[in-house]
There are 2 protein chains.
Amino acid sequence: MIIIYFLIFAVRFSHQREKIREIVYNTNSHPTADKIFLEAKKSIPKISLGTVYRNLKQLEISGEIKTIYDDNIARYDWNTEPHNHLKCKNCGDLIDIVLKDKSIHPKIKKDFKFNVDKVEMFIIGTCKKHAKQT
Amino acid sequence: MIIIYFLIFAVRFSHQREKIREIVYNTNSHPTADKIFLEAKKSIPKISLGTVYRNLKQLEISGEIKTIYDDNIARYDWNTEPHNHLKCKNCGDLIDIVLKDKSIHPKIKKDFKFNVDKVEMFIIGTCKKHAKQT
DNA sequence: AAATAAATAATAATCATTCCTATTATTATT
DNA sequence: AATAATAATAGGAATGATTATTATTTATTT
Ligand SMILES: [Mn+2]
Ligand SMILES: [Mn+2]
Ligand SMILES: [Zn+2]
Ligand SMILES: [Zn+2]
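Residues numbered from 1 in each chain as written. Chains lettered and ligands numbered in written order. Predicted model: local features only at pLDDT ≥ 70, side-chain atom pairs only at ≥ 80, totals over all residues. Heavy atoms only, no water.

Colleague: Could you give me a rundown of the protein's contact with DNA strand D, with the residues and numbers involved?
Modeller: Surveying the vicinity of DNA strand D reveals 20 residues, the closest of which are Tyr53(A), Arg12(B), Lys46(B), Thr51(B) and Arg54(B). Looking at DNA strand D alone, sugar and phosphate atoms form 74% of those within 4 Å of the protein. Between DNA strand D and the protein, one listed contact pairs a sugar or linking oxygen with a backbone N or O atom of Ala10(B) at 3.2 Å. Here a phosphate oxygen of DNA strand D and a backbone polar atom of Ser48(B) are 3.2 Å apart. Breaking the surface near DNA strand D down by element, the ones donating at least two residues are α3 (49-61) and β2 (73-77) of chain A together with α1 (15-25) and α3 (49-61) of chain B. Partitioned by chemical class, the residues of the surface near DNA strand D number 8 nonpolar, 6 polar and 6 charged. (Near = heavy atom within 4 Å. Polar contact = N/O pair within 3.5 Å; in protein donor to acceptor, adjacent residues only side chain to side chain. Helix = DSSP H or I, 4+ residues; strand = E, 2+ residues; numbered from the N terminus. Nonpolar A, V, L, I, M, F, W, Y, C, P; charged D, E, K, R; others polar.)

Spelled out as structure tokens, the structure:
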């Protein structure tokens, strides 16, 4: 006997989700849920923070955005391509960076029998805004 | 006129801190504050979670342990040498790994005028415990 | 237009972490 | 050994980020 379940989850349009997607797609600063909430409020005054979190999670699941963790708080990224971040310990800015070096994957596979999916890297330091005079 | 302030902060012995240090130094699993708390309770039943957090922070400041962030929760590491972690998305284990490649530092300096202090890397994947048959 | 159920706002609950404070314990001094 | 000075503690309240609950609203289907 074969039983097949179909769980159909119709996702339907919502102004709130559209706005949230739009905000993430137009912000380069890897905003937090709260920043997105405050921004969304400007055009949807009654939007609630729970709605923001729920939709961010949904957008993440559908692969439209990416969640990154900055120490212990979540920030959201429109850039879903594999990339890494420079984090300035001075101003907190996150700067996108693409390191195309995949050479560690086979090495780790060999040394640890560990199958690499992705590499999440935070490069901590000081950005050019705080450069000392030379 | 020269004013010199001395802020003297005598750190004195406490059984609780000794136990917490001992637990971190004898645990390879990068335990959370809660794990450390539960373990410490076995020998100091009245220890409080606040004491665990306060002392972990103090040990981190004194350079005896290191804090790492696994998504959004703090874990503690006796290994204060620069190193990175393999994270199994299956069982959550963190495995220490040392990548001695420092070649990205000058490149980032050049491309972004960004001064690198340290690189925090989580290599996400599947550990050998869940290897599929070949 | 009516029916269906996904999405919402509002709010309560949860979880990790920090803060507060009266009491206790460690260390230095007599 | 007793006293004084104050760092550290236990216990609990407060905070901040995130998730869960639920009655109501809204998008979509019939
Ligand atoms: Mn990014
Ligand atoms: Mn480690
Ligand atoms: Zn900066
Ligand atoms: Zn594993």
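Colleague: Give me the interface of chain B and chain A: which residues, what numbers.
Modeller: At the junction of the two partners, chain B supplies 32 residues and chain A supplies 32 residues. Ranking the residues of chain B by area buried against chain A places Phe112(B), Phe114(B) and Ile124(B) at the top, with a combined share of 21%. Inspection of the region where chain B meets chain A yields 2 salt bridges. Note that Asp117(A) is salt-bridged to Lys89(B), the shortest N-O span being 2.4 Å. Run the count over chain B and chain A and you get 12 residue pairs in polar contact (both at pLDDT 80 or more). (Contact = heavy atoms within 4.5 Å. Buried area = accessible area lost by both parts, 1.4 Å probe. Salt bridge = Lys/Arg side-chain N within 4 Å of Asp/Glu carboxyl O.)

Colleague: Can you break down the environment of Asn26(B) residue by residue, with the values?
Modeller: Relative to the helices and strands, Asn26(B) resides in the loop between α1 and α2 (33-43). Sequence separation between Asn26(B) and Trp78(B) is 52 residues, and the spatial gap between their C-alpha atoms is 8.2 Å.

Colleague: Quick one: what's the story with the coordination of the zinc ion (ligand 3), residue by residue and with numbers?
Modeller: Residue and element names in this part refer to chain A. Looking at the zinc ion (ligand 3), the protein donor atoms are Cys-88 (SG), Cys-91 (SG), Cys-127 (SG) and His-130 (NE2), and they sit 2.0 to 2.4 Å from it. Positions of the donor residues of the zinc ion (ligand 3) along the chain correspond to the pattern C-x2-C-x35-C-x2-H. You can see Cys-88 sitting in strand β3 (residues 84-88) and its partner His-130 sitting in the segment after β5 (115-126), a full 42 residues away along the chain. (Donors = N, O, S within 2.8 Å, 3.2 Å for Na, K, Ca; no water.)

Colleague: Can you break down the protein's contact with DNA strand C residue by residue, with the values?
Modeller: Lining the immediate surroundings of DNA strand C are 19 residues, of which Arg12(A), Lys46(A), Thr51(A), Arg54(A) and Tyr53(B) lie closest. The sugar-phosphate backbone supplies 70% of the atoms of DNA strand C found within 4 Å of the protein. Residue Phe13(B) places a main-chain N or O atom 3.0 Å away from a phosphate oxygen belonging to DNA strand C. Measuring from a phosphate oxygen of DNA strand C, one finds a backbone N or O atom of Ala74(B) at 3.0 Å. Counting residues per element, the ones that place at least two in the surface near DNA strand C are α1 (15-25) and α3 of chain A together with α3 of chain B. Of the residues assigned to the surface near DNA strand C, the class counts are 7 nonpolar, 6 polar and 6 charged.

Colleague: So what about unusual backbone geometry? Which residues, and what values?
Modeller: Not every positive phi belongs to a glycine, and His30(A) is a case in point at roughly 55 degrees. Assignment of secondary structure puts His30(A) in the loop between α1 and α2 (33-43). Given the relative accessible area of 3%, His30(A) is considered buried. We note that Lys113(B) has phi near 50 degrees; this positive angle belongs to a residue other than glycine. Within the secondary structure, Lys113(B) is located in the loop between α4 (104-112) and β5 (115-126). (Buried < 20%, exposed > 50% of the residue type's maximum accessible area, 1.4 Å probe, protein only.)

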